[in-house]
Amino acid sequence: MSNNHLPTLADVAREAGVSTATVSRCLNTPDRVVEKTRVRVLAVIQQLGYSPNFGARALAAKRTNTIGAVIPTMENAIFARGLQAFQEEIAKSGATLLVASSAYQQDVEEQEIRALVARGADALLLIGQDRSDEIYEFLRNRRIPYVIAWNYRKNSNHSFVGFDNRIAAKEIARKVLDLGHVRIAVIAGITKDNDRARDRVLGINDAVKEHNIPVEHIDLIESPYSFAEGGDAFETLMSKHPRPTVVICGNDILAIGAIKRAKSLGLRVPEDVSVTGFDDIEVSSVVEPELTTVHVPHRKMGTLAAKTLLAISKSGSLVQSRELETVIVERSSLSGPRT
């Protein structure tokens, strides 16, 4: 065989002394081939370096068995656990996952959605609802199923597998307020084109209003999701007089950045200022002090999102949304006000 010649299915069949149909069964339904034959065929595949032509197979089937996911960032662990569970579940069906990251930019996300569809993605996992009507129409016109995760909306024409960010944020803000805090500050994510960050701010405001504190009295800074940016926002808030006694953060990345900066400023958490997070990523339980936060069931959400997306792909119709519960994990970064 020429060095420039890529081995074909026929080459494998000839070398193994079997039909091309038998080679196909060894690759696609190996349990239907007797072990002796299967071992011989797979050895030839390895010897020749044969790789199935998935493009041709997809063209014939009009499906690629590829699922796309567009996540806002790969720079931190916010989406890692859920995406891992999502990938594990779709792999059980034989599907392959393609992942793109938008850096929280709506125009970039829409370009990536179009690119994944152009490359043959059969279905998509999307994060949050905020995107243009045009991109949803693009997906509908091409009959590309999608599931929205990390958020939940009642009475929607989208399929959600996620949680109500507004209710979850309201609950942790209530916890803060019930401890007696009235000088409250918030480090939120950038709310533009991010319904999760926006809903969390709304939930905090809901709790504040319930406690008859004017929302205008709450110091709020919107910040990109990074440890350094969270620290900078925290330092700005702590330079105000009177200082807040608690800083509610829109996620754990911002909160850990705040705790780290507090130490460099000579402030004790929670003695001088309390800090809360949101997400319960792994590092929240190893930072010192350990972070009080909202636990998001990332793995369960990823698994259910995959099952829902596969069900939509199979049935061709909308599947009922799934709302998951969040819980507050109480650790040592939150206490009552002491100043």
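Reading guide: rules and limits
Residues numbered from 1 in each chain as written. Predicted model: local features only at pLDDT ≥ 70, side-chain atom pairs only at ≥ 80, totals over all residues. Heavy atoms only, no water. Pairing = 2+ DSSP bridges. Helix = DSSP H or I, 4+ residues; strand = E, 2+ residues; numbered from the N terminus. Axes fitted to C-alpha atoms, helices over the stretch in contact; angles between N-to-C directions. Contact = heavy atoms within 4.5 Å. Parallel < 35°, antiparallel > 145°, perpendicular 65-115°, else oblique. Left-handed = near helix turned anticlockwise from the far one by under 90°. Nonpolar A, V, L, I, M, F, W, Y, C, P; charged D, E, K, R; others polar.

Draft legend 1. Highlighting the sheet that holds strand β7 (residues 219–222). Ordered by their spatial adjacency, 4 strands build an open sheet running β7-β6-β8-β9, and the pairing between neighbours is parallel. Strands with a single pairing partner mark the edges of an open sheet, and in this sheet they are β7 and β9 (274–276). Neighbouring strand axes in the sheet, compared pairwise and without regard to direction, differ in orientation by 15° on average. By the bridge criterion, 4 bridges tie strand β6 (residues 184–188) to β7 in an arrangement that is parallel. If you follow I187 over to β7, its bridge partner there is I221. Against the sheet, helix α8 (residues 165–178) makes contact with β6, β8 (246–249) and β9, and its axis sits at roughly 175° relative to β8, the strand it touches most. Helix-sheet contacts for helix α11 (residues 252–264) involve β6, β8 and β9, and the interaxial angle to β9 is about 160°.

Draft legend 2. Structural context of the packing of helix α1 (residues 9–16) against helix α3 (residues 35–48). The contact between α1 and α3 brings their axes to 9 Å, and the two run at 125°. The orientation of α1 with respect to α3, classified from their angle, is oblique. When you trace α1 past α3, the crossing you get is right-handed. Contacts between α1 and α3 pair D11, V12, E15 and A16 from the former with R40, V41, V44, I45, Q47 and L48 from the latter. Looking at the contact of α1 with α3 residue by residue, the class counts come to 6 nonpolar, 1 polar and 3 charged.

Taken by themselves, the reported measurements are silent on function.
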